[in-house]
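Residues per chain are reported as follows:
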Amino acid sequence: MVQTLLDRGYLRTPPVIEAMRAVPRDAFLPPEARAKAHEDRPVWIGRDQTMSAPHMVALMCEALELAPAQRILEIGTGSGYHAAVTARIVGADGAVDSIEFDAVLCDDARRNLAAVGVQNVRVHAGDGSRGRPEGAPYDRIYLTCSAPRIPKPLLDQVTPGGLILAPLGPTPSRLVRTRRDGDAWHEEDLGACAFVPLRGEFGFGDR
Ligand code: SAH
């Protein structure tokens, strides 16, 4: 898998390559789905949700310019796999706060993360579209579900010089990287993508 992602240009930097090699994707899938762990596609994790494809996790980790000791906010924990990869890159001096709307997935993710020994991810149940003011500011914020626009509260929760990465708009969404430069914001369109919709106050509704 890692070789395929390298060949296709999704993986570029040693820390991301190392993390993708180290985190066992199958451990984050329900037993009946584990055979699909080595395919570069999204996989159903139950509760009407999917784990992102490995190339999307790789691409997002590269785009976020992750570095040791950063503090990260993830919105949409799902299985916990993407959070585990991010956490490996920021290392023991860094931390990932991850928010999941679905209480059942929250429990699953906590169990998955504990089973592979990840200690620097904290999973929070709730509406991540409001971000996490009590943990802010974050060096990096990313969404693993598509939002109508960047939820306004997140703009106040990223450090100056920090990045927000989010799939924006209905499917097919655009993956947009927004850099905070003091009080100015610079947006870059990184291409088309498909994600499940963000729910909650600043999402597409609760369904
Ligand atoms: N990163 C995950 C994939 C997540 S799929 C992985 O590696 O497995 C997107 C997740 O976003 C779903 O689990 C969905 O329940 C969650 N979600 C949707 N709206 C949300 C919100 N407002 N707050 C937190 N999580 C949300």
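The structure we're discussing is the one just above.
Each chain carries its own residue numbering, running from 1 in the direction its sequence is written. Restriction of local features to residues with pLDDT of at least 70 applies here, the model being predicted, together with a cutoff of 80 or more for giving and counting side-chain atom pairs; totals for whole chains, interfaces and linings are based on all residues. Excluding hydrogens and water, the side-chain values take into account all heavy atoms of the structure.

S.K.: Provide a residue-level description of the state of the cysteines, including the pertinent values.
M.R.: Here, a disulfide means two cysteine sulfur atoms that sit within 2.5 Å of each other. If you walk through the whole model with that rule in mind, you get zero disulfides. Not part of a disulfide, C145 finds its nearest cysteine sulfur in C193, a span of 11 Å. Relative accessibility under 20% of the residue-type maximum defines a buried residue, over 50% an exposed one, and the middle range a partly exposed one, all with a 1.4 Å probe and only protein chains included. Since its relative accessible area comes to 8%, C145 is described here as buried. Judged by relative accessible area, which is 5%, C193 ranks as buried.

S.K.: An account of the pattern of salt bridges is requested, with residue identities and associated values reported.
M.R.: Salt bridges are defined as contacts in which a side-chain nitrogen from Lys or Arg sits within 4 Å of a carboxyl oxygen from Asp or Glu. Counted by the stated rule, this structure contains 16 salt bridges. When the shortest N-O distance is used, the salt bridge between D97 and R71 registers 3.8 Å. Separated by 26 residues along the polypeptide, D97 in strand 4 (residues 95–100) and R71 in strand 3 (residues 71–75) bring together distant segments of the chain. Take D97: its relative accessible area is 2%, and that puts it in the buried class. Residue R71 is classed as partly exposed on the basis of its relative accessible area of 29%. Comment: elements are numbered from the N terminus, with helices defined as DSSP H or I runs of at least four residues and strands as E runs of at least two.

S.K.: Got a sec to walk through the site of the ligand? Specific residues and values, please.
M.R.: Residues in close proximity to the ligand total 23 residues, the closest being S79, E100, D127, G128 and R199. Any N or O atom pair separated by 3.5 Å or less is treated as a polar contact, with the protein-specific requirement of one donor-capable and one acceptor-capable atom, and with residues adjacent in sequence counted only for side-chain atom pairs. T144 places a side-chain nitrogen or oxygen 3.5 Å from a nitrogen atom of the ligand. When the free accessible area of the ligand is taken as 580 Å², the share hidden by the protein chains comes to 99%. Placement of the ligand is best described as lying within the largest pocket. Those elements giving two or more residues to the shell around the ligand turn out to be strand 2 (49–51), helix 4 (81–90) and strand 4. No other element matches strand 2, which puts three residues into the shell around the ligand. Classifying every residue of the shell around the ligand gives nine nonpolar, eleven polar and three charged. When we say a residue is near a molecule or strand, we mean one of its heavy atoms is within 4 Å of it. For accessible areas, the Shrake-Rupley method is used with a probe of radius 1.4 Å. Any residue's cover is judged against the shown protein chains and nothing else. The definitions used throughout rest on a 1 Å grid laid over the protein atoms alone, on which a cavity is an enclosed set of points accommodating a 1.4 Å probe that cannot get out and a pocket is an open set flanked by protein within 12 Å on both sides along at least five of seven lines; lining residues are those having an atom within 4 Å of a point. Cavities and pockets are treated as containing a molecule whenever more than half of the molecule's atoms lie within 2 Å of their grid points. For this scheme, ten residues count as nonpolar: Ala, Val, Leu, Ile, Met, Phe, Trp, Tyr, Cys and Pro. Four count as charged, namely Asp, Glu, Lys and Arg, and the remainder, Gly too, count as polar.

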